[in-house]
Amino acid sequence: LKLQFLYFIGCRHMALNRVSLTLYAFMLSSFFVMLKNTRRYSAPDGASLLDYNSIVAAAACKTNSDLFPGTLEEKSWEPAGCTLAEYTADMTAECLEAVPYLAIGDTIGEQVVAHMAGDLRRAGLGGDDVPMRLVWTPSTRVPHFESDRSGRNQREFMTKVAEFATLSLGEWDLGVHWCGTDEFYDGLKALVLKYKALLKPGARLAMYNMDYINPDKCRESSVWCRTCNTIGKVAVYREIVQMVAVCTGTGMIDTYPITRAGRNHSTDGLHYTSEVVKPKADVLLNVMCGTDGAGSNKLGLWYPNIECNEAEAKARWRRDPVANAHSKGCPDNTNEFGCPNDNGAAARRYLDHKAVEARQMAEEAGRNTNVETSAPQREAGTELPLCKKHEDLFPGKLHDFQWVPEKCRLKFYTKQEIAQCLERKPFAAIGDSLGEQLVFALRSGGANVSAKAVWSPSMQWNTLTMSHKTKINLMDYVTKEVEYAILSFGMWDIGVHWCGVEDFYHKLKAKILKYRSMLKPSAEMVLHNLHYINTEKSAESWVKDCNPHAKLVVYREMVQMAAACTGTKMINTFPLTLEGSEHTRDGVHYNDSVVKPKVNILMNMMCGADGEGGDRLEPWVPPMECNEEAAMERWLAVPEANRFSRGCPDFLNEFGCSNDGGDALRRYTDRREAGKKKEERAKGVTRENGAQQEEVTSAELPLCKK
């Protein structure tokens, strides 16, 4: 070290020609590397041989941008133009004591927390009293807001203790929780503003940008990791994170070049070993506490040099097919968030968007030059009227996640308008998974919208106000808050919970009246009719065997009769599901290309064409009279509706309604015979009391006239 130092001093006195200047620059960089290395060779009492910080304070990196370019060496990031202080366990403990830290987000941020906690623990400085916490919010689709991985609530630490917080999101939204660029941007921006409001005054929030994802390191079993994380998609999502930061005034920490340089140190394509995580922790600690752990020479956050222009940026991202569509093989489990693999729908939206842009440009050009083009005038003159009656919706066709009627037009609701409608009219879907799908689609614009699903899937199900998976009692919500409810029954009763037409009809009617009595007087309630079942799309044998077309027709008519006899109006989307019959994954449930148009029809019924209740679409009133007795005889006469087809499940016995082998038909036949005998006896009595006594003959039935 002495020789190197003397050589450096000697260079200062050399003539400043080109050779000496080159040598001088080389020796200067070597000297600072030498000084930095002294941090790794400490005296027994922990003091450095040279006071590194006092010598190189002027050369410390000032902002996040100064860190790059650089090189990754031995768990250390070496910037080319400045120095980044490496933190020891003692310095980390001192920093966290002065600046309590909260990591919010996914496992990318969690890895940095785990690394710092491990360093402190190995140095005997760790423990529950270390002011560092994690709030588990892995994606914009499932924000937890306040709890860690174990479910422990960290609200008090967040709102009263934390001085510095980071938000790390994007990897889940890019892959397994993909819902498109619009949904990710809006959801991320809402989360940033949410956490800024929760943190105590004076506390700082920084956003991590997404790291490098190395698909070559994905595990063999993780197909989605290799197929969902294309370079183009990551680039767009990184830009989305930057735009959110700019539009919310939030500084950023970007360690992408570090993870890019250490891409071979990835364990699964997304997470990295300590070779990379240690330098990332050093960057964070330099931001929080400077070069010495006590606040000197803090590293400044990065503020992207772009303007906040959300509309233009969203349009650009939306036009990128790679960013808006899952690659082949991406998972379908995103359906639970109402965002399934769109099978190319994003690319089709892109083409439609381009066509709209071209038309708008042509119209704008016509206006700017005061040229009145004939095409827009014709369109304005022949604009279809707003749809008023439910039956006016059909016929029509599905196009780009919308139902386009031939006779009239519907208002197309955006996510913001859906949220505003639900704020005025809290909504409940009561019944089976078809209503639950509507709620998932409504809540895709934000988890806090007023839309909840009550799980009561069949007539054999006794619970009235419980949610599905969470088992939360929604009695107060149903009875005190709901302004608009939809009842959706029949799919289970036609198949796995079949108990016959008589049982279904009478229990359905009772349930309709029960829920009407539970809702507050001002609330509206409509009944959802059964939609089209595409048995060819199901892998389940019982779906194919238990749902013949004749059975579906009878059960649809029963739902309509129950509506007529209880004075309940309906929503009927059967033609829509028939048109989109190929867009189903199991024959019963449909993807977004069908569900979103159903939601749009519902919104037009709830809040009208202006979003505030004007020009509302009227519910459907079935064109039939309430004649239960005649209808029941007609339904009982249909064999397919009154017995299971071969192959239907026998576990229905738990409801006492097993495959009856034709009992319903025999009961129907016996009832008809008894009715005939009763009629004949009545006729016989009349004849005996009359003047004429005629012998009862088995005359041939008259020809059908009507």
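Summary of the structure given here.

Basis of the calculations
- Residues numbered from 1 in each chain as written.
- Predicted model: local features only at pLDDT ≥ 70, side-chain atom pairs only at ≥ 80, totals over all residues.
- Heavy atoms only, no water.
- Helix = DSSP H or I, 4+ residues; strand = E, 2+ residues; numbered from the N terminus.
- Contact = heavy atoms within 4.5 Å.
- Areas by Shrake-Rupley, 256 points an atom, 1.4 Å probe, with all protein chains shown as cover.
- Disulfide = S-S within 2.5 Å.
- Buried < 20%, exposed > 50% of the residue type's maximum accessible area, 1.4 Å probe, protein only.
- Pairing = 2+ DSSP bridges.
- Right-handed = clockwise from strand over helix to strand, strands pointing away.
- Axes fitted to C-alpha atoms, helices over the stretch in contact; angles between N-to-C directions.
- Parallel < 35°, antiparallel > 145°, perpendicular 65-115°, else oblique.
- Nonpolar A, V, L, I, M, F, W, Y, C, P; charged D, E, K, R; others polar.
- Core = buried A, V, L, I, M, F, W, Y, C linked by side-chain atoms within 4.5 Å.
- Phe/Tyr/Trp six-rings, centres within 6.5 Å; stacked < 30°, edge-to-face > 60°.

### Here we look at the overall build of the protein chain
And step 1. Looking only at helices and strands, one finds 28 helices and 14 strands in the protein chain.
And step 2. Considering only intrachain contacts with a sequence separation of at least 6, the fraction spanning at least 24 residues in the protein chain is 74%.
And step 3. Surface summary for the protein chain: the accessible area is close to 34900 Å², and the carbon and sulfur share equals 52%.

### Quick word on the state of the cysteines
And step 1. Enumeration over the complete set of coordinates arrives at 6 disulfides.
And step 2. A sulfur-sulfur separation of 1.9 Å characterises the disulfide bridge that pairs Cys387 with Cys408. Taking the sign of the torsion about the S-S bond as the criterion, the disulfide between Cys387 and Cys408, at about 95°, is right-handed. Taken together, the positions of Cys387 in the loop between helix H16 (374-381) and strand E8 (396-399) and Cys408 in the loop between strand E9 (402-405) and helix H17 (415-424) put the pair 21 residues apart, joining distant regions of the chain.
And step 3. Take Cys387: its relative accessible area is 4%, and that puts it in the buried class.

### A short note on the pairing of strand E3 (residues 101-105)
And step 1. Among the 5 residues of E3, 5 are classified as buried, and the element is accordingly described as predominantly covered.
And step 2. Residues Tyr101, Ala103 and Gly105 point to one face of E3 and Leu102 and Ile104 to the other, with burial holding for every one of them.
And step 3. Across 5 bridges, E3 lies against strand E4 (residues 132-136) in parallel orientation. In the sheet register, Leu102 faces E4, and the bridge partner there is Arg133.
And step 4. For the crossover that starts at E3, traverses helix H5 (residues 107-122) and ends in the parallel E4, the hand is right-handed.
And step 5. Summarising the sheet, E3 and strand E5 (residues 164-168) pair through 5 bridges and their orientation is parallel.

### Let's talk about the packing of H5 against helix H12 (residues 274-289)
And step 1. Interaxial distance between H5 and H12 falls to 9 Å at its minimum, and their mutual angle equals 90°. The orientation of H5 relative to H12 falls into the category roughly perpendicular. Across the interface between the two elements, Ile108, Gln111, Val112, His115, Met116 and Asp119 of H5 pack against Ser274, Val277, Lys278, Lys280, Ala281, Leu284 and Leu285 of H12.
And step 2. Broken down by class, the residue content of the contact of H5 with H12 amounts to 7 nonpolar, 3 polar and 3 charged.

### Some thoughts on the nonpolar core
And step 1. Formed by 46 residues in total, the largest nonpolar core has its most connected members in Val501, Tyr555 and Trp635.
And step 2. The biggest single contributor to this core is helix H23 (residues 549-566), with 9 residues.
And step 3. When neighbours within four sequence positions are excluded, Trp635 is seen to be in contact with Val501, Tyr505, Val554, Glu557, Met558, Met561, Ala641 and Asn642.

### Examining the packing of aromatic side chains
And step 1. Enumeration according to the criterion identifies 12 aromatic pairs in this entry.
And step 2. Arranged with centres 5.6 Å apart and planes meeting at 80°, the rings of Trp455 and Trp492 form a pair that is edge-to-face. Placement of the pair is Trp455 in strand E11 (residues 451-455) and Trp492 in helix H20 (residues 491-494), with a sequence separation of 37 residues.
And step 3. Take Trp492: its relative accessible area is 24%, and that puts it in the partly exposed class.

### What to know about the pairing of E8
And step 1. For E8 and E9, the ladder comprises 4 bridges, and the chain directions are antiparallel. Looking at E9, one finds that Lys397 is bridged to Val404.
And step 2. Once E8 ends, the chain turns through 2 residues before running back antiparallel as E9, passing Asp400 with a positive phi of about 50°.

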